Amino acid sequence: GAVVSQHPSRVICKSGTSVKIECRSLDFQATTMFWYRQFPKQSLMLMATSNEGSKATYEQGVEKDKFLINHASLTLSTLTVTSAHPEDSSFYICSARQRGTPNNEQFFGPGTRLTVL
Amino acid sequence: ELKVEQNPLFLSMQEGKNYTIYCNYSTTSDRLYWYRQDPGKSLESLFVLLSNGAVKQEGRLMASLDTKARLSTLHITAAVHDLSATYFCAVPDSGTYKYIFGTGTRLKVLA
């Protein structure tokens with residue numbers, strides 16, 4: 001149980017284009033989903049928290065107009081990187097918190113590697 | 001602001017040796033999570049520590065939590081090459097469901 005998927009697993013795009021990454025909770029309802037970014041040899045940095053049906057909460061320094069997050073249902077959140085540039089190349093990982101989880105545990109997706117040329 | 005630090009950042013050890021990774025955090029939390037990350041992969045959950053004094057063991061890894069000292073340890077016993085990976089601790093931010101991750105410890109076990 002508690003499986004989170006991401007799609008695509010890997011994407012290469014040209015500078016200036018937009019890329020959408022999907023995060024799905026496959027066997028549970030996720031009231032809250034989180035988006036992290038990880039640069040090579042660094043830790044995970046939280047970008048934003050999204051709750052189903054409401055606007056995402058972005059961490060300080062994360063441009064909300066550049067990283068659009070939509071949490072349209074209890075099983076799906078999307079991250080759109082708009083007008084991507086090479087510095088946006090990174091490993092993007094989502095996680096989901098299961099409704100009613102007593103210990104607030106997050107379940108992590110397999111990640112999406114974005115390369116912007 | 002919650003800060004989570006790990007040490008060491010890098011650890012190179014011989015097979016068969018023991019070592020401990022430390023995770024310190026700056027504000028009160030009664031739970032802590034440990035993860036393993038292999039190169040190019042996402043996180044694999046290792047331990048969920050939910051209270052002061054919690055101790056959990058899985059194979060050659062044992063994790064403990066001291067909430068009063070704001071310290072968790074991940075102890076490696078008789079290391080084997082397969083344990084080579086990066087290990088992260090994560091602490092939930094008080095009042096939210098956000099995790100703050102430690103800096104990570106890159107472990108290399110030499111044959």
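Rules of the game
Residues numbered from 1 in each chain as written. Chains lettered and ligands numbered in written order. Predicted model: local features only at pLDDT ≥ 70, side-chain atom pairs only at ≥ 80, totals over all residues. Heavy atoms only, no water. Helix = DSSP H or I, 4+ residues; strand = E, 2+ residues; numbered from the N terminus. Rg over C-alpha atoms; globule rule 2.2 N^0.38 Å. Buried < 20%, exposed > 50% of the residue type's maximum accessible area, 1.4 Å probe, protein only. Contact = heavy atoms within 4.5 Å. Lys, Arg positive; Asp, Glu negative; His and termini not counted. Charge placed at Lys NZ, Arg CZ, Asp CG, Glu CD. Disulfide = S-S within 2.5 Å. Core = buried A, V, L, I, M, F, W, Y, C linked by side-chain atoms within 4.5 Å. Phe/Tyr/Trp six-rings, centres within 6.5 Å; stacked < 30°, edge-to-face > 60°. Lys NZ or Arg CZ within 6 Å of the ring centre and 35° of its normal. Buried area = accessible area lost by both parts, 1.4 Å probe. Salt bridge = Lys/Arg side-chain N within 4 Å of Asp/Glu carboxyl O. Polar contact = N/O pair within 3.5 Å; in protein donor to acceptor, adjacent residues only side chain to side chain. Nonpolar A, V, L, I, M, F, W, Y, C, P; charged D, E, K, R; others polar. Pairing = 2+ DSSP bridges. Axes fitted to C-alpha atoms, helices over the stretch in contact; angles between N-to-C directions.

Q: What is the right way to read the overall build of chain A from this model?
A: Across its full length, chain A carries zero helices and eleven strands. In sequence order, the secondary structure elements of chain A are arranged as β-β-β-β-β-β-β-β-β-β-β. Here the C-alpha atoms of chain A give a radius of gyration of 13 Å, agreeing with the 13 Å that 2.2 N^0.38 yields for 117 residues. With respect to the three principal axes, the spread of C-alpha positions in chain A is 40 × 25 × 20 Å. Put simply, chain A has 117 residues, and 53% of those count as buried. Restricting the contact set of chain A to residue pairs at least 6 apart, pairs at least 24 apart contribute 55%. The centroid of the 12 positive side-chain charges in chain A is displaced by 4 Å from the centroid of its 9 negative side-chain charges.

Q: Teacher, can you tell me more about the state of the cysteines here?
A: Residues and elements named next belong to chain B. What the rule picks out here adds up to two disulfides over all chains. Note that Cys 23 is cross-linked by a disulfide to Cys 89, the S-S spacing being 2.0 Å. When the S-S torsion is 80°, as for the bridge of Cys 23 with Cys 89, the disulfide is right-handed. Of this pair, Cys 23 sits in strand β3 (residues 19-25) while Cys 89 sits in strand β9 (residues 85-92); the two residues are 66 residues apart in sequence, bridging distant segments of the chain. On the accessibility criterion, Cys 89 (0% relative accessible area) is buried.

Q: Got a minute to help me understand the side chain of Ser90(A) in this structure?
A: Looking at the element boundaries, Ser90(A) is found in strand β9 (residues 90-98). Classification of Ser90(A) by relative accessible area gives buried; the value is 4%.

Q: Looking at this model, I keep getting lost on the nonpolar core. Mind explaining?
A: Soluble globular proteins: nonpolar side chains tend toward being buried together. Within the largest apolar cluster, 26 residues are counted, with the highest numbers of intra-cluster contacts made by Phe67(A) and Leu114(A). Going through the elements one at a time, β2 (10-13), β3 (19-25), β4 (30-38), β5 (44-51), β7 (67-73), β8 (76-81), β9 and β11 (112-116) of chain A are the ones with two or more residues in this core. Beyond its immediate chain neighbours, meaning those up to four positions away, Leu114(A) contacts Val11(A), Cys13(A), Val19(A), Val81(A), Asp88(A), Ser89(A), Ser90(A) and Tyr92(A). Formed by 25 residues, the second largest nonpolar core is a distinct cluster that contains Leu65(B), Ala85(B), Val91(B) and Leu107(B).

Q: Looking at this model, I keep getting lost on the packing of aromatic side chains. Mind explaining?
A: Aromatic rings in a pair are described by how distant their centres are and how their planes are angled relative to each other. Within this structure, the stated rule accounts for eleven aromatic pairs over all chains. Judged by centre distance (5.2 Å) and plane angle (75°), the rings of Phe108(A) and Tyr35(B) are edge-to-face. Taken together, the residues Phe108(A) in strand β10 (residues 106-108) and Tyr35(B) in strand β4 (residues 32-37) connect one chain to another. Overall, Tyr35(B) belongs to the buried group, its relative accessible area being 2%. A ring pair is formed by Phe88(B) and Phe101(B), whose centres lie 6.3 Å apart and whose planes are at 85°; its orientation type is edge-to-face. Of this pair, Phe88(B) sits in strand β9 while Phe101(B) sits in strand β10 (residues 99-101), and the two are 13 residues apart along the sequence. Of the two residues examined, Phe88(B) and Phe101(B), each falls in the buried class. Through successive ring pairs, a cluster of aromatic residues spans Tyr36(A), Phe108(A), Tyr33(B), Tyr35(B), Phe88(B), Tyr99(B) and Phe101(B). Stacked on the ring of Phe67(A), the Lys or Arg Lys66(A) has its end atom at 6.0 Å from the ring centre. Arg97(A) extends its terminal NZ or CZ atom over the ring of Tyr97(B), reaching a point 3.5 Å from the ring centre.

Q: Sorry, what's going on with the interface of chain B and chain A here?
A: Residue-level contacts link 19 residues of chain B with 24 residues of chain A. Around 1600 Å² of area is buried between chain B and chain A when both sides are counted, 54% of it from carbon and sulfur atoms. The tally of links between chain B and chain A comes to one salt bridge. Inspection of the chain B/chain A interface yields seven residue pairs in polar contact (both at pLDDT 80 or more). Elements represented by at least two residues in the side of chain B that touches chain A include exactly β4, β5 (43-49) and β10 of chain B. In terms of residue class, the side of chain B that touches chain A is built from nine nonpolar, six polar and four charged.

Q: When you look at the sheet that holds β7(A) in this model, what are you seeing that I'm missing?
A: Strands belonging to one sheet form pairs held by backbone hydrogen bonds; the direction of such a pair is parallel or antiparallel. Residues and elements named next belong to chain A. On the basis of which strands lie adjacent, the open sheet formed by four strands has the order β1-β3-β8-β7 and antiparallel pairing. Each of the sheet's edge strands pairs with one partner strand only, and the pair in question is β1 (4-7) and β7. Between one strand axis and the next, the sheet turns by 15° as a mean value, whatever way the strands run. Of the pairings in the sheet, the one linking β7 to β8 comprises five bridges and is antiparallel in character. Residue Asn 70 lies in a different strand from β8, and its bridge partner there is Thr 78.

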